Amino acid sequence: MTPLVLEGVRITLAGHALVDALSLTVAPGQCVTLMGPSGCGKSTLLAYIAGTLDAAFAASGSVRIGERDLVQVPPEQRRLGILFQDDLLFPHMSVGGNLAFALASHVRSREARAARVDAALAEAGLAGFAARDPATLSGGQRARVALMRTLLSEPAALLLDEPFNKLDAALRGEFRSFVYAHAAERGLPMLLVTHDADDAPPRGRVIALGTG
Amino acid sequence: MTRCIVIAVMLVLAGAAVSQPAPWQDIELRARGQTVNFNAWGGDEKTNAFIQWAGDEVAARHGVKINHVKLRDTAEAVTRVVAEKAAGRNAGGSVDLVWINGPNFLALKQQGLLYGPFAEGLPNYAKVDTTNMRSNVVDFTIPVDGMESPWRRAQIVFVIDGKRVADPPRSVAELLSWAKRHPGRLAHPSVRNFLGVTFLKQALHELAGGASVLQQPATDDNFAKVTAPLWAWYDELRPMLWRKGRQFPDNGPAQRQLMNDGEIDIMVSFNPAEAAVSVNAGLLPPTVRTVVFSRGTIGNTSFVAIPYNAANKEGAMVVANFLLHPATQARAQDYRQTGNFTVLDLAKLSPAERKLFDDLPKSPALPTNAELGASLLEPHASWMTRIAAEWEKRYTN
Amino acid sequence: MGEAVHQLTHLRAAPLVTVAVFLLPVVAGLAGTLLPAFGYLPAIGGLELSLAPWRDLVATPGFATSLAITLLTGIVTPMVAAAIAFCFCAWAHGRPWMRRASAAVTPILATPHSAVAIGLAFVVAPSGWIVRLLSPWATGFDVPPEVATVGDPRGVALIVALLVKEVPYLVLMIVGALAQVRVDAHMAIARSLGYSRASAWMKAIAPQVYRQVRLPIFAVVAFSLSVVDVALVVGPSNPPTLAVLAMRGFTDADVARYFPASAAAVLLFLLVMAVIAAWVTCERVARVLGRRWIAAGARNGASGPVAAAGSLAFAALALLAASSILSMALWSVASQWRFPDALPSAWDVAQWSRRMSALAAPFWTTLATGVVSTLVALVLVVACLENEARMRRRAGTGVLWLLYVPLLVPQIAFLFGAQVLLVRAGLDGTLAAVVWAHLVFVLPYLFLSLCDPWRALDPRYARSAASLGASPLRVLVAVKIPLLSRPLLVACAVAFAVSVAQYLPTVFAGNGLVATLTTEAVTLASGADRRVVGAYATLQALLPMAGFAVAVAWGRGTR
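About the cut-offs
- Residues numbered from 1 in each chain as written.
- Chains lettered and ligands numbered in written order.
- Predicted model: local features only at pLDDT ≥ 70, side-chain atom pairs only at ≥ 80, totals over all residues.
- Helix = DSSP H or I, 4+ residues; strand = E, 2+ residues; numbered from the N terminus.
- Rg over C-alpha atoms; globule rule 2.2 N^0.38 Å.
- Buried ≥ 20, exposed ≤ 12 C-beta atoms within 10 Å, placed from the backbone.
- Contact = placed C-beta atoms within 7 Å.
- Pairing = 2+ DSSP bridges.
- Axes fitted to C-alpha atoms, helices over the stretch in contact; angles between N-to-C directions.
- Nonpolar A, V, L, I, M, F, W, Y, C, P; charged D, E, K, R; others polar.
- Right-handed = clockwise from strand over helix to strand, strands pointing away.
- Core = buried A, V, L, I, M, F, W, Y, C linked by C-beta atoms within 7 Å.
- Domains from an automatic or database assignment.
- pLDDT = per-residue confidence, 0-100.
- Expected span 1.5 Å × (residues − 1).
- Parallel < 35°, antiparallel > 145°, perpendicular 65-115°, else oblique.
- Left-handed = near helix turned anticlockwise from the far one by under 90°.

1. Regarding the overall build of chain C
Consideration 1: For chain C, the count of helices and strands is 23 helices and 2 strands.
Consideration 2: The C-alpha radius of gyration computed for chain C amounts to 25 Å, which stays within 12% of the reference 24 Å derived for 559 residues, consistent with globular compactness.
Consideration 3: On the principal axes, the C-alpha backbone points of chain C span a range of 75 × 65 × 55 Å.
Consideration 4: Among the 559 residues that make up chain C, the fraction classed as buried is 52%.
Consideration 5: Taking contacts inside chain C between residues at least 6 apart in sequence as the whole, the part at least 24 apart equals 80%.

2. Some details on the sheet that holds strand β7 (residues 157-161) of chain B
All names here are of chain B.
Consideration 1: An order of β8-β7-β9 is seen for the 3 strands of this open sheet, with the pairing classed as antiparallel. The strands lining the two open edges of the sheet, one partner per strand, are β8 (266-269) and β9 (288-291). Across the sheet, the mean angle separating the axes of adjacent strands is 30 degrees when strand polarity is ignored.
Consideration 2: Running over the sheet, helix α11 (residues 274-281) touches β7, β8 and β9 and is turned about 165 degrees from β9.

3. A look at the interface of chain C and chain A
Consideration 1: Listed by partner, the interface residues are 22 residues for chain C and 23 residues for chain A.
Consideration 2: Those elements that place two or more of their residues in the side of chain C that touches chain A are α8 (183-192), α9 (197-226) and α12 (258-295) of chain C.
Consideration 3: With 6 residues, α8 of chain C is the largest single contributor of residues to the side of chain C that touches chain A.
Consideration 4: Among the residues making up the side of chain C that touches chain A, the classes are represented as 11 nonpolar, 6 polar and 5 charged.

4. Regarding the pairing of strand β1 (residues 35-41) of chain B
Residue and element names in this part refer to chain B.
Consideration 1: In terms of burial, β1 is a largely internal element, 6 of the 7 residues being buried.
Consideration 2: Of the pairings in the sheet, the one linking β1 to strand β2 (residues 65-71) comprises 7 bridges and is parallel in character. For Asn39, the partnering residue across the bridge sits in β2 and is Val69.
Consideration 3: For the crossover from β1 across helix α3 (residues 45-62) to β2, the handedness is right-handed.
Consideration 4: With 2 bridges joining them, β1 and strand β3 (residues 97-100) adopt parallel strand pairing. In the sheet register, Asn39 faces β3, and the bridge partner there is Val98.

5. Concerning the nonpolar core
Consideration 1: Val319 of chain B together with Ala85, Ala161, Leu170, Ala246, Leu268 and Leu446 of chain C are the most contacted members of the largest nonpolar core, which has 352 residues in total.
Consideration 2: Residues within four places of Ala161 of chain C in sequence aside, it is in contact with Val116, Ala117, Leu120, Val230 and Val234 of chain C.

6. A closer look at the arrangement of the chains
Consideration 1: Counting contacts across all 2 pairs of chains found in contact, the highest total belongs to chains B and C.
Consideration 2: Chain A makes no contact with chain B; the smallest distance between any of their C-alpha atoms is 47 Å.

7. Topic: the pairing of strand β7 (residues 157-161) of chain A
Residues and elements named next belong to chain A.
Consideration 1: Here β7 lies mainly inside the structure; 5 of its 5 residues are buried.
Consideration 2: Taking every second residue as pointing to the same face, both faces of β7 are buried, with Ala157, Leu159 and Asp161 on one and Leu158 and Leu160 on the other.
Consideration 3: Where strand β6 (residues 80-83) meets β7, 4 bridges bridge the pair, whose relative direction is parallel. From the neighbouring strand, Ile82 faces β7, where its bridge partner is Leu159.
Consideration 4: As defined by bridge partners, β7 adjoins strand β8 (residues 190-194) across 4 bridges and the pair is classed as parallel. Note on β8: the bridge partner recorded for Asp161 is Val193.
Consideration 5: You can see the chain leave β7, run along helix α5 (residues 169-186) and come back into β8, and the turn it takes is right-handed.

8. Details of the domain arrangement of chain C
Residue and element names in this part refer to chain C.
Consideration 1: For chain C, the assigned domains read domain 1 (1-39 + 350-559) and domain 2 (53-349).
Consideration 2: On the domain 2 side, the residues contacting the 40 residues of domain 1 number 43 residues.
Consideration 3: Residue assignment for the side of domain 1 that touches domain 2 shows that the elements contributing at least two residues are α1 (2-37), α14 (351-391), α15 (397-408), α16 (411-425), α20 (485-501), α22 (517-525) and α23 (530-557).

9. What to know about the interface of chain B and chain C
It is common to give the size of an interface as the accessible area lost on bringing the parts into contact.
Consideration 1: Facing the 48 residues of chain B at the interface are 41 residues of chain C.
Consideration 2: Per-element accounting of the side of chain B that touches chain C gives the leading share, 9 residues, to helix α4 (residues 75-86) of chain B.

10. Observations regarding the confidence of the model for chain B
Consideration 1: Taken as a whole, chain B shows an average pLDDT of 87; of its residues, 93% reach a score of 70 or greater.
Consideration 2: Under a pLDDT of 50 for its full length, residues 15-20 of chain B has, in the predicted model, 0 contacts with residues more than four places off or in other chains.

11. Some points on α5 of chain A
Consideration 1: The end-to-end C-alpha distance of α5 of chain A, which contains 18 residues, comes to 26 Å, matching closely the 26 Å that a straight helix rising 1.5 Å per residue would cover.
Consideration 2: Two residues or fewer after α5 of chain A comes Gly187 of chain A, characterised by a positive phi angle close to 70 degrees.

12. Remarks on unusual backbone geometry
Residue and element names in this part refer to chain B.
Consideration 1: Cis geometry marks the peptide bond from Gly116 to Pro117, where omega comes out at 5 degrees.
Consideration 2: For Pro117, the position within the fold is in the loop between α5 (102-110) and β4 (138-139).
Consideration 3: The phi torsion at Lys244 lies on the positive side, around 55 degrees, for a residue other than glycine.
Consideration 4: Along the chain, Lys244 falls in the loop between α9 (220-237) and α10 (252-260).
Consideration 5: Look at Lys244 and you get partly exposed, because 14 C-beta atoms sit within 10 Å.

13. Overview of the packing of helix α3 (residues 63-92) of chain C against α9 of chain C
Residues and elements named next belong to chain C.
Consideration 1: In contact at an axis separation of 9 Å, α3 and α9 are set at 150 degrees when each is read in the N-to-C sense. With respect to their mutual orientation, α3 and α9 come out roughly antiparallel. In this structure, α3 meets α9 at a crossing whose hand is right-handed. Contact with α3, carried on its side by Thr70, Thr73, Gly74, Thr77, Pro78, Ala81, Ala82, Phe86, Cys89, Ala90 and Trp91, involves Ala198, Trp201, Met202, Ala206, Ile217, Val220, Val221, Ser224 and Leu225 of α9 and no other residues of that element.
Consideration 2: Its residues assigned to classes, the contact of α3 with α9 comprises 15 nonpolar, 5 polar and no charged.

14. Focus on the domain arrangement of chain B
Residue and element names in this part refer to chain B.
Consideration 1: By domain assignment, chain B separates into domain 1 (24-152 + 301-366) and domain 2 (157-299 + 375-395).
Consideration 2: Averaged C-alpha coordinates put domain 1 and domain 2 at centres separated by 27 Å.
Consideration 3: Ranked by residue count, the leading element in the side of domain 1 that touches domain 2 is α5, at 3 residues.
Consideration 4: Across the side of domain 1 that touches domain 2, the residue classes break down as 8 nonpolar, 8 polar and 4 charged.

Structure below.
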């Protein structure tokens, strides 16, 4: 696994700089938390890294996974997993379908793919849920499926855009540990964006963005 | 004493004769202010413009307005009158005057859906040629009996592109050999159109070698035998037609459009002045010429008729009379207008009226009366319907 | 208090009145066509039920071919149209010019089908514009080639003429449906999982959108199977499609042909139902296959190239549409344009003033019918939506299907029956009858255009106004309508365009006495002087476009 490196990232909107000369390195298995109030550019930064930044913004700066420069690469080839606030499971696919959709394409045969999906579900404590409609799952279950979906695509890094926001206090802690455990197990660099200090993992670095 | 009685009797008889039919002045008076729904095929701009001019004239002279109801097909008006009769509307009908002849006329006359007889009561009818133009009194072998008033004359001619056709055919047999030498350059309208089926009738006339059997109704016995040479000829012709005879222009103007676009070199027309009129209107190239077959072609008359339930019968009669006025007929024959040859007998006109015709402009695309020659009588209407039905059976894809 | 209740009761009648206005003619008309199909039409002597009309229909020369081309054009068109529409949306998603492209397509949507078909007949003819532009320098033709395009016996020209209008319509429906899907977020996820733009759209967005585009697709199916005016202009004629065959029967001088014509119309109705049912079955199969395709996870599949090909097709269709409309405008000011000239060789702009007197009557009739039917529909639709808001009850999907009934039932299957009833009532041939006939189709489109913006309006505006003491009527007039002025105008523009485009309703309800630009243009299209047809077709296109221009200008003005 390789680190995620940002160097001199600058994002402006209509002349006003949201992010200015941001440089950081996220080691494999480590989590860097970006904190700040709403509107300070956290989600915009993640969008730039993922390659889905709206054309209204002007952005510059390098983004690398190990030695691989990502700025010129289209979003689908960057291999960066994203987790949003909403689970955003595709409503027209079953739980298993969502997972299979994400499963890397080098796993060929239907049986092999089904086996991987089932294994992922078992890992998430949702064995046998493959044929279920996502709408019938609880919020916590959907969040876990969303994470497994992201992990099945074998990303090189994880971008987390306030993923714990919509969960209530009890689920929050549980899901947090779930995410960090799996990501660390795979040695993925994680970039977390949040406005809640509790979300940051205990031994991770915290960087404050925004005014100041 | 006896002389007084004779004179008195003659006076009484003369008075009676004068007061019998509705005097024309009465009709003109009642017509004032009426709007005549004139149902006429609307596919030809020149005719539409002519009807509009007629409307202006009749409005100015007699206070009668014309509403030109443009039809895609005359059958639409027949349908309407039938539907109105079916719905019990025996007065105040929506069709006042209809441009009609042939099977449509037969349909209305047979079902008693026409008002009349009225034609012979029109003042201008006296000038109509009823001796040499038999088509003015016999419409497709059906006696007119005054149930419709003549309007314009038609005769089959062939319009060719003089630049590309060096050897114009002068019979249907020559037409076939020409088509074989120039495949895809000859078209005729669909047989659902009157012109299309008349093209077949013309061929039948020449190939059946005798006119008399065609004047009688077609029967199940003789139809196959009489029309055999026609189908044999057409089977040879069909692959040589435009689009290999699988597709046909809807009507005369559509066919003319093909010629104007350069897709065909020979077309059939019912209007001897069509070439001249079209060149003048920019609808055909100036190199076109008119060809009449050497042994004559079929001709007929178009009429206007009044349905039995017309709301504005007097207005319709005034319009019909206006259409027969020598000035109107001369204007119609002017190829710069519609170029329709007249139904009037020039011998019956006054010298001033005849001058209107002599002064009409000439054109190289316009045939002379001598070239037009004798027109052949239309066959009995039953031949037309059977030929059309047989054609559809054989040649619909 | 009493006044409010009074108003409430009046409004409650609105949905009933609306449904009556547009469903009654359809239902009554269908019955009026069904009975003659089995031989019962006392007015012309049909007193016994029998199967004779069906035997006559099948015995009509070319019936089998007619049925075959009807099914061919009626099935291929919606399939290809849906495919191209989805491909274009997949390929163009998120690209910066997408918005401008959608705006550019609006004039095509506004122009009536028949006007585009008339122009297309000139553009693609062997002696038409495309060949003229290439001849004689590229093709060496000095006479047009022997190729069947317009009116070709297989109906390819008909399919193209329909696609030119139906694809932009479906694209518009898809774009509208996108607003109800979390497109950006889903696309971000799918792309982060490694899928290209087109592939992500096809697998993640398209299935969600399809559900909402189903009814418009069914409307396209019904239209393609039963269209008459476009088929008259560019469709095959020997034999024609089933709809034109029925039309020929209904306008035949021999009234006995009404029976097989009614049978043909009923058969068309059954065909539409059957094809829609088959489509629904195919959806089930497609769902199964689609799930497997999605789960297979192929990232570099054929989605990209296929979407690109579909977008090329869309561009070609847009080009054809634009050139069709432009060619008719050129013809209207040309004095001479012979093959193989690429442009008219002589111009005559003055012919517009010469034609003015002939154009005036149909122009004003079209305008009047359009304005009146739009206004009546507007009043009814606003009443229904207001009623819905006040009752705090939203109409379900059942209402949506009800609205689509006039768009799913073939026009020719119920207009004949409706005409017979109108003749009985003595109303045929009047402008009122034509307006009502147009209303049947204008209402659904106006409702569909207006209901989403109306329902989406923040209810707190109305609540604040009410708390300030305004009566419900005042709230409607002083708050809701001004806030929704732009969607209202756009919906009216759509409704007006629908009215301008109507052909069969005007012909049947007007009994041929009411001439609109569309009826005149279709009549003249069969061979009259192209300069004249060009003038009619140009006006046909300009009227609805003017409506949209007004709506857009108003929108900009109030910003």
